[in-house]
Amino acid sequence: MTFQPAAWPRKLRSQEWFGGDSRDHIYHRSWMKNQGLPADLFDGRPVIGICNTWSQLTPCNAHLRDLAERVKHGIYEAGGLPLEFPVFSTGESALRPTAMMYRNLAAMDVEEAIRANPLDGVVLLCGCDKTTPALLMGAASVDLPAIMVSGGPMMNGWFRGERVGSGTALWQMSEDIKAGKMSREDFLEAEQAMSRSPGSCNTMGTASSMASMVEALGMALSGNAAIPAVDSRRRVMSHVTGRRIVQMVKDDLKPSDVLTRDAFQNAIRTNGAIGGSTNAVIHLMAIAGRVGIDLTLDDWDTFGRDVPTIVNLMPSGKYLMEEFFYAGGLPVVIKRLGEAGLLNRDALTVSGDTAWDQVKDAVNHNEDVIRPAGEPLAKQGGIAVLRGNLAPKGAVLKPSAASPHLLTHRGRAVVFEDIDDYKARINDDDLDIDETCVMVLKMCGPRGYPGMSEVGNMGLPPKVLKKGITDMVRISDARMSGTAYGTVILHTSPEAAAGGPLAIVQNGDMIELDMPNRRLHLDVPDDEIARRLAAWENPVVPPASGYARLFHDHVQGADTGADFDFLVGCRGNAVPRDSH
Ligand code: FES
């Protein structure tokens, strides 16, 4: 269906606050004018909110104030009035218990802030993992014209001639310490080399994956995902995005026009092609829920299954986001999908052009970074969705980050009842475990942790690492950092804290992983499983009050995106009358 721009000029939403000579109109304008805004800025031009997740506590987003100024230049230039506002910033590296616990809180903040204020459209400034889905979820539920600018990735880290990928290198080095391959002094020296500049993680972790998802969904201008945070072209992207949102308001081009099922299919395939984060599964389903798109876990397998991973970036590959940008970035990848018949070419984007029109002239400048079709990093990228009596509502695995020899495996379960149990016993040389075992971790799902921690790639026991083994099959209801790797089965649903079968796995049970047939099986008789489930007692004590209680009572399973049950859907932009 072709998008039909609205007629212009017309009276905009912001004029309900600013457009008249009543006491209330004067009240709204007058207070705004204490910022030095001339009277003619309230003449009916588009009023654009700049929703900013800047925070010094979210280091990946600490440069967003500079980008907000660039967005303002573009908005003024195009004849709009920019008004910047802060929202809760979910910083991945510092928030406890998990940034994920606050994604929905931030999304609520974004939604209410946009709806309650005199805005006609919004530019969403984000970067760190959860800030991107939170802003998209909130904006989608209001459905005013919205466009996103990502903060961009950090420059490459370098240590003694080797690339230091955010997160990926940290996990690897900590395993090397346990295996006796690296000294603590070298580890501390490497720390200085990890985060060289402003920006988000420089690997194809969750932040870069989500920035790519935004571009693939059509919610940002083409090229947005990969421009480094400190490159002047990131400022240019911000500037032209400011220009663009003004026209989007005039045209009334809304998230619901862009976030169609076709757009989500494009994003799923793009995630396979970039070797993107498993976290994208959860976030995209939550975003889809806000616009009423029925996206399921199985869609990830259906549409992503045969997409080869062609982007050679850590954690699946070798390079980092800076090199991805120099190679041509995401437009090259999307063009490849289009050439392979794996792109819904006519999907509308915030630019007003189709997905294909935006990328058809993209050029690949480095075929080692973005591989030719015949030489993919992994033939089947994407996300494998596993099912079976251990995961009736599904679990996910990222084949491109796994060890091929473990994708079909039967092993004895070594069970950790929760993350504290794991930490207490994993370094014990008396732990009865070897590399053929299957490590099982419980109580790390949305409700169990709470917030669904990124511990699914639990480190291997030192006694196994010292043998030179670097991977084992691991199963949990947790998530995994997008920068991590391994044969790691995640998001097992229902989670243990919701009484899923994961809760009753015992030491010594045999578990079968059959990735080619998408099967995850607990080799225990059905009547024994039923007996254990009937006897199981939930160790989770609901918090007495506060946000933690709201979270506990309303968070949904990972299989549908872990949104709050009462936040699913679009509630529009209508607001009650003034109370003055
Ligand atoms: Fe913020 Fe990775 S910790 S982007």
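Now for a quick tour of the structure. (Residues numbered from 1 in each chain as written. Predicted model: local features only at pLDDT ≥ 70, side-chain atom pairs only at ≥ 80, totals over all residues. Heavy atoms only, no water.)

Points about the packing of helix H8 (residues 206-217) against helix H15 (residues 330-339)
Stated precisely, the cut-off is as follows: In this description, a line fitted to the C-alpha atoms serves as the axis of each element, helices being fitted only across the stretch in contact, and the angle between N-to-C directions of two axes falls anywhere from 0 to 180 degrees. A helix here means a DSSP run of H or I that spans at least four residues, while a strand means a run of E at least two residues long, and both kinds are numbered starting from the N terminus. Orientation labels follow simple angle bins: below 35 degrees gives roughly parallel, above 145 gives roughly antiparallel, 65 to 115 gives roughly perpendicular, and whatever is left gives oblique. Handedness of each helix crossing follows the sense of rotation of the near helix against the far helix: counterclockwise by less than a right angle gives left-handed, clockwise gives right-handed. Every residue pair with non-hydrogen atoms within 4.5 Å of one another is taken to be in contact. The nonpolar class holds Ala, Val, Leu, Ile, Met, Phe, Trp, Tyr, Cys and Pro. Asp, Glu, Lys and Arg form the charged class, and all remaining residues, Gly among them, are polar.
Two elements in contact, H8 and H15, have axes whose closest approach is 11 Å; the angle formed by their N-to-C orientations is 55°. On the basis of their axis angle, the class for H8 and H15 is oblique. When you trace H8 past H15, the crossing you get is right-handed. Counting all contacts with H8, which are made through Ser212, Glu215 and Ala216, the residues of H15 involved are Leu330, Pro331 and Ile334. Split by residue class, the contact of H8 with H15 holds four nonpolar, one polar and one charged.

A look at the sheet that holds strand S2 (residues 81-86)
Counted only if it meets this: Between any two strands, pairing holds if DSSP finds at least two bridges.
The strand order S2-S1-S3-S4 describes an open sheet built from four strands, whose pairing is parallel. The open sheet is flanked by S2 and strand S4 (146-150), the only strands paired with a single partner. On average, adjacent strands in this sheet sit at an angle of 20° to one another, irrespective of strand direction. Of the strands in this sheet, strand S1 (47-52), S2, strand S3 (121-126) and S4 touch helix H3 (residues 64-77), which is tilted by about 160° from S2.

Considering the packing of aromatic side chains
The criterion, for reference: Here a Phe, Tyr or Trp ring, Trp counted by its six-membered ring, pairs with any other such ring whose centre lies within 6.5 Å, and the pair is stacked when the planes are under 30 degrees apart, edge-to-face when over 60, and tilted otherwise. Think of it in three bands: with a 1.4 Å probe and only protein chains considered, a residue is buried below 20% of the maximum accessible area for its type, exposed above 50%, and partly exposed in between.
One pass over the full model with this rule turns up 10 aromatic pairs. A centroid spacing of 5.3 Å and a plane angle of 85° characterise the contact between Phe416 and Tyr422, whose relative ring orientation is edge-to-face. On the basis of relative accessible area, Phe416 is assigned to the buried category, the value being 0%. Ring geometry for Tyr547 versus Phe551: centroids 6.2 Å apart, planes at 55°, classification tilted. Highlighted residues: Tyr547 and Phe551, both in helix H20 (residues 546-554), separated by four residues, approximately one helical turn. Classification of Tyr547 by relative accessible area gives buried; the value is 19%. These aromatic residues form a ring-pair network of at least three members: Phe88, Tyr102, Tyr547, Phe551, Phe564 and Phe566.

What about the nonpolar core?
Rules: We call a set of buried residues a nonpolar core when its members are Ala, Val, Leu, Ile, Met, Phe, Trp, Tyr or Cys and they connect through side-chain atoms within 4.5 Å of each other.
Membership of the largest hydrophobic core comes to 112 residues, with the highest contact counts inside it found for Leu124, Met219, Phe264, Trp300, Phe324 and Val333. When sequence neighbours within four positions are dropped, the list of residues in contact with Phe324 reads Met204, Ala226, Val311, Leu313, Gly329, Leu330, Val333, Val369 and Ile370. Of all hydrophobic cores here, the second largest spans 30 residues; its members include Val415, Val438, Val473 and Ala503.

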